[in-house]
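# Structural overview for review
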Amino acid sequence: MTPAQLLHTSTLLGQVLGFEQPADALVSAYFRSHKKLGRQDRHEIAETVFAALRHLQKIQSVLPDPVRQSRRAALAALVLGRGISISALADCAHAEETEFLGYLKAKKTEFAAQLNTAAELPEWLIAQLRAQGWSDEHILAFGRSTATPAPLDLRVNTLQAKRDKALAQLQDEGIRCEATPYSPWGIRLHDKSALMRHPLFLEGAIEVQDEGSQLLARLTGARRGEIIVDFCAGAGGKTLALGAAMNNSGRLYAFDVAEKRLAKLKPRMVRAGLTNISPQRIGSETDPRLERLIGKADRVLVDAPCSGLGTLRRNPDLKYRQSPERLAELAKQQAAILEAAARLVRPGGRLVYATCSVLAAENEHQAERFSAAHPDWQPVNAAELLPDCPELFSGSPYLQLSTAEHRTDGFFAAVWTRPE
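Here is a short report on the structure shown in this document. (Residues numbered from 1 in each chain as written. Predicted model: local features only at pLDDT ≥ 70, side-chain atom pairs only at ≥ 80, totals over all residues. Heavy atoms only, no water.)

## As for the packing of aromatic side chains
All chains considered together, the criterion is met by eight aromatic pairs. Their ring planes at 25° and their centres at 5.3 Å tell us that F19 and Y320 sit as a pair that is stacked. Of the two residues, F19 is situated in the loop between α1 (3-16) and α2 (23-33) and Y320 in helix α16 (residues 318-321); the sequence distance between them amounts to 301 residues. Across the pair, Y320 and F19 agree in class, each one buried. (Phe/Tyr/Trp six-rings, centres within 6.5 Å; stacked < 30°, edge-to-face > 60°. Helix = DSSP H or I, 4+ residues; strand = E, 2+ residues; numbered from the N terminus. Buried < 20%, exposed > 50% of the residue type's maximum accessible area, 1.4 Å probe, protein only.)

## Points about the environment of K107
With respect to the helices and strands, K107 occurs in the loop between α6 (95-106) and α7 (108-113). In this structure, the C-alpha to C-alpha distance between K107 and K58, residues 49 residues apart in sequence, is 9.2 Å. Polar contacts involving the side chain of K107 include one to the side chain of E110, which spans 3.0 Å. (Polar contact = N/O pair within 3.5 Å; in protein donor to acceptor, adjacent residues only side chain to side chain.)

## Topic: the packing of α2 against helix α3 (residues 39-54)
At a minimum axis separation of 11 Å, α2 and α3 run at an interaxial angle of 155°. Between α2 and α3, the angle is such that the two are roughly antiparallel. The two elements α2 and α3 cross, and the hand of that crossing is right-handed. Of the residues in α3, those in contact with A23, D24, V27 and F31 of α2 are R42, I45, A46, V49, F50 and L53. (Axes fitted to C-alpha atoms, helices over the stretch in contact; angles between N-to-C directions. Parallel < 35°, antiparallel > 145°, perpendicular 65-115°, else oblique. Left-handed = near helix turned anticlockwise from the far one by under 90°. Contact = heavy atoms within 4.5 Å.)

## A look at the side chain of R188
Looking at the element boundaries, R188 is found in strand β3 (residues 186-189). At 3.4 Å, the side chain of R188 forms a polar contact with the backbone oxygen of R407. Not counting residues within four places of it along the chain, the set of residues in contact with R188 comprises P151, L152, D153, R176, C177, E178, T180, P181, E211, R407 and T408.

## Side note on unusual backbone geometry
Despite not being glycine, F19 shows a phi value in the positive range, around 55°. Phi at E120 is positive, roughly 55°, even though this residue is not glycine. Of note, E120 is situated in the loop between α8 (115-119) and α9 (123-131). For E120, a relative accessible area of 2% translates into the label buried.

## Describing helix α13 (residues 211-220)
With 10 of 10 residues buried, α13 lies mostly within the body of the structure. Listed as buried for α13 are E211, G212, S213, Q214, L215, L216, A217, R218, L219 and T220. Among the residues of α13, the N-terminal cap falls to D210, whose side-chain oxygen and the backbone nitrogen of G212 are separated by 2.8 Å.

## Re the sheet that holds strand β2 (residues 177-179)
With respect to topology, four strands assemble into an open sheet ordered β2-β3-β1-β4, the strand pairing being antiparallel. Strand pairing shows two members of the sheet lacking a second neighbour, β2 and β4 (206-208), which therefore form its edges. For this sheet, the mean inter-axis angle between neighbouring strands, taken without regard to orientation, is 30°. Direction of pairing for strand β1 (residues 152-156) relative to β3: antiparallel, over a ladder of four bridges. (Pairing = 2+ DSSP bridges.)

## Some details on the pattern of salt bridges
Pairing is possible between side chains of opposite charge, provided their charged atoms come close. Tallying each qualifying case throughout the model produces 24 salt bridges. Salt-bridge contacts for E120 lead to K58; the nearest nitrogen and oxygen are separated by 3.2 Å. Linking E120 in the loop between α8 and α9 with K58 in helix α4 (residues 56-62), this pair joins segments that are 62 residues apart in sequence. Assigned by exposure class, E120 and K58 land together as buried. (Salt bridge = Lys/Arg side-chain N within 4 Å of Asp/Glu carboxyl O.)

## Side note on the pairing of strand β5 (residues 227-230)
Every regular strand shows the same layout, with side chains that alternate between the two sheet faces. As paired strands, β5 and strand β6 (residues 251-256) are joined by four bridges and run parallel to one another. If you follow I228 over to β6, its bridge partner there is L252. Since β5 and β6 lie parallel, the crossover through helix α14 (residues 237-245) that links them has a hand, and here it is right-handed. Relative to strand β8 (residues 297-303), β5 runs parallel, the two sharing three bridges. Its bridge partner being in β8, I228 is matched across the sheet by R299. (Right-handed = clockwise from strand over helix to strand, strands pointing away.)

## Digging into the pairing of β3
Both faces of β3 are covered, namely the face carrying G186 and R188 and the face carrying I187 and L189. Between β2 and the antiparallel strand that follows it, β3, lie six residues.

## Focus on the side chain of E364
Mapped onto the fold, E364 is located in helix α18 (residues 364-373). Buried within the structure, E364 lacks any salt-bridge partner; its nearest side chain of opposite charge belongs to R369, at an N-O separation of 13 Å. Excluding its chain neighbours within four sequence positions, the residues that come into contact with E364 are L359, Y398, Q400 and F412. (Lys, Arg positive; Asp, Glu negative; His and termini not counted.)

## Here's the deal with the state of the cysteines
Evaluated as defined, the whole model comprises zero disulfides. C356 supplies the cysteine sulfur nearest to C306, a cysteine that is in no disulfide, at a spacing of 3.5 Å. Assessed through its relative accessible area of 16%, C306 is described here as buried. In this structure C389 is a free cysteine whose sulfur lies 20 Å from that of C356, the closest cysteine sulfur available. (Disulfide = S-S within 2.5 Å.)

What follows is the structure in structure tokens.
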């Protein structure tokens, strides 16, 4: 890292550590306002900022106010998170900073002895995980699994291509990749190749989507000619997967409260060649426009707003932007959305509730609450819907994906059938 890159990194890191906005949004905004930064500059700056977030527990233990000491925090991220030797930073670090970095490395044993620094998880989150029965060993494995960046997973659009052919084409071009182990549509890249200009992407044959997210679409089980609702569609990753599973037939409603998120879906629909999707903004889960679909949908997927704590590999700032108070608010919102979405399911239809969280309060507790309130709805064992993936299940009726065990984001899903 050059001295100029370090200056930019420390400035941006000072903004990010305020945790007032998502880190990726702040990084993007910073680069837009500094257009002279080259590709390598941006790479070094962004990687170091996210390394600081992934190793913030250690950094905070020696820098109690990292916002005001963002230069030292950036140097610490280079040593702790990116494995840069202190001697390699000779052009960037002053004598006092070099001494500080030596002190930091000397605390390696101490960091390993404390769960929060060893797992790189804040105390409030450790308390939540312990309260739901996780052992310290489980917490440590989870924390360590989220401390490295996520791989780039692709979903092959079955309307445009077959996975084996797309995989072979990428491999022939020298792109290191392999088929995902659980999703029949997935390809996992070993390197973060720039694919936005690749012919397969431009033609709509591939989309970026984590394998866990692909499995949620599989659980929904969309078929040709059906009426499907993606109740919290967002930018539409799962919507596109559902549309392809429907072979571009039937009717697929993509609802969301954010117009900006739905706007991102529309060009993706065109690129994917999907014409059966109807994106619609709703004001809330009680929007009157939903009433015309009450009791008519064959399948409803509720990918509920959640803490996102299953995506810490991609969004390490979330563990500092969430709180127990925010979780309580989310739990109320999730329960209300699930109730509203359930009204749309026809008799005999399927309801899927999902989050990208690892917290029981957002997952099992919500599923148990719904089952208790609707004893006539039949819970479905998720393992029966994914019979080719028995290793994903260990006796629970729910799909619970783990970054540590399954190399996906941390997802949860519960499934019910509405009585005839």
